[in-house]
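Below, each chain spelled out in residue letters.
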Amino acid sequence: MSEIPKKRLSWRLRVMMAERNISTATELQRLLDKAGYNITSSQLTRVIKDRPDRISTDLLDHLLGVLNCDISDLLRSDTVTTEGAINELTSNKKTLPAKPKKLRVRRESENIAPGEDLTGPKVRAFPIPERKK
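How each quantity is defined
- Numbers given for residues are sequential positions, taken from 1 along each chain in its written order.
- For a predicted model such as this one, the threshold for reporting local features is a pLDDT of at least 70, and the threshold for listing and counting side-chain atom pairs is 80 or more; totals across whole chains, interfaces and linings nevertheless cover every residue.
- Hydrogens are left out, water is left out, and the side-chain values use all remaining heavy atoms of the structure.
- Note on conventions: DSSP H or I runs of at least 4 residues are helices, E runs of at least 2 residues are strands, and numbering of each starts at the N terminus.
- Using a 1.4 Å probe on the protein chains alone, a residue whose accessible area is under 20% of its type maximum counts as buried, one over 50% counts as exposed, and one in between counts as partly exposed.
- Pairs of residues are marked as contacts when any of their non-hydrogen atoms sit within 4.5 Å.
- In this analysis, a patch consists of residues with relative accessible area above 30% that form no salt bridge, clustered at 9 Å for like charges and at 5 Å for the nonpolar side chains Val, Leu, Ile, Met, Phe, Trp and Tyr.
- The Shrake-Rupley method, run with a 1.4 Å probe sphere, supplies the accessible areas, and residue values consider only the shown protein chains as cover.
- Salt bridges are defined by distance alone: a side-chain nitrogen of Lys or Arg within 4 Å of a carboxyl oxygen of Asp or Glu.
- Counting rule for charge: Lys and Arg are taken as positive, Asp and Glu as negative, and neither His nor the chain ends is counted.
- A charge is said to be at NZ when it belongs to Lys, at CZ for Arg, at CG for Asp and at CD for Glu.
- What is meant by a nonpolar core is a set of buried Ala, Val, Leu, Ile, Met, Phe, Trp, Tyr and Cys residues, joined one to another through side-chain atoms within 4.5 Å.
- Working definition: the arc comes from the directions between the helix axis and the C-beta atoms, pointing outward to the latter.

(A) Quick peek at the overall build of the protein. Along its length, the protein carries five helices and three strands. For the protein, the α and β elements follow one another from N to C terminus as β-α-α-α-α-α-β-β. Considering the protein as a whole, with its 133 residues, one finds that 21% of them fall into the buried category. For the protein, the proportion of contacts with a sequence separation of at least 24, taken over those separated by at least 6, is 56%.

This is the structure we're talking about:
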């Protein structure tokens, strides 16, 4: 019995913006404002940056109009293999390699003498005088 390949939608808004020479979210926001759709810059940046889990059909309609494209240009159906790699079904191009992980910067360990305390100088409490009864 063969395994049914899993499908995943890829979000291609950045590609469409690049093809239309729209380099910033602010430019796209201005075009959407002219088309009659108001969206904040932070909301639009999130939509551009990552594939949205949910998207308003009104926003999608205005994006298609502003970018002068079809829904199949913004959303592509990809097959996800068992290793987790994505293969595009709609084009013969190879998929881009995954983004490299950011290197974590770690502090160099300081040479601390054994027995040295890092919390600061030692402080002794004042002696409490004894009370006379």
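(B) Focus on a positive patch on the surface. There is a patch of like positive charges on the surface, built from R14, K49, K99 and K102. Residue placement: K102 occurs in the segment after β3 (86-88).

(C) Highlighting the nonpolar core. Residues L13, L28, L32, L63, L67 and L74 are the most contacted members of the largest nonpolar core, which totals 19 residues. For this core, the secondary structure elements donating two or more residues are α1 (13-19), α2 (25-35), α3 (41-49) and α4 (57-67). Per element, the largest residue contribution to this core is five residues, and it comes from α4. If sequence neighbours within four positions are ignored, L28 has contacts with M17, I22, L44, I48, L63, V66 and L67.

(D) View of α2. Three or more residues of α2 are buried, namely L28, Q29 and L32. Projected down its long axis, α2 shows its buried positions confined to an angular sector of 100 degrees, all on one face. Residues of α2 that are exposed and point over 90 degrees away from its buried face: R30 and K34. Looking at the buried side of α2, the elements it contacts are α1, α3 and α4.

(E) Looking closely at unusual backbone geometry. The phi dihedral of N21 is positive, around 60 degrees, even though this residue is not glycine. With respect to the helices and strands, the residue N21 is situated in the loop between α1 and α2. Looking at N21, the relative accessible area reads 66%, which means it is exposed. Phi is positive for N68, which is not a glycine, with a value near 50 degrees. Mapped onto the elements, N68 comes out in the loop between α4 and α5 (71-74).

(F) How the structure looks around the side chain of Q29. Looking at the secondary structure, you find Q29 in helix α2. Its relative accessible area of 18% is what places Q29 among the buried residues. Aside from chain neighbours lying at most four places away, what touches Q29 is I39, T40, S41 and L44.

(G) Layout of the side chain of R12. Position of R12 among the secondary structure elements: in the loop between β1 (6-11) and α1. Aside from chain neighbours lying at most four places away, what touches R12 is D73, L74 and R76.

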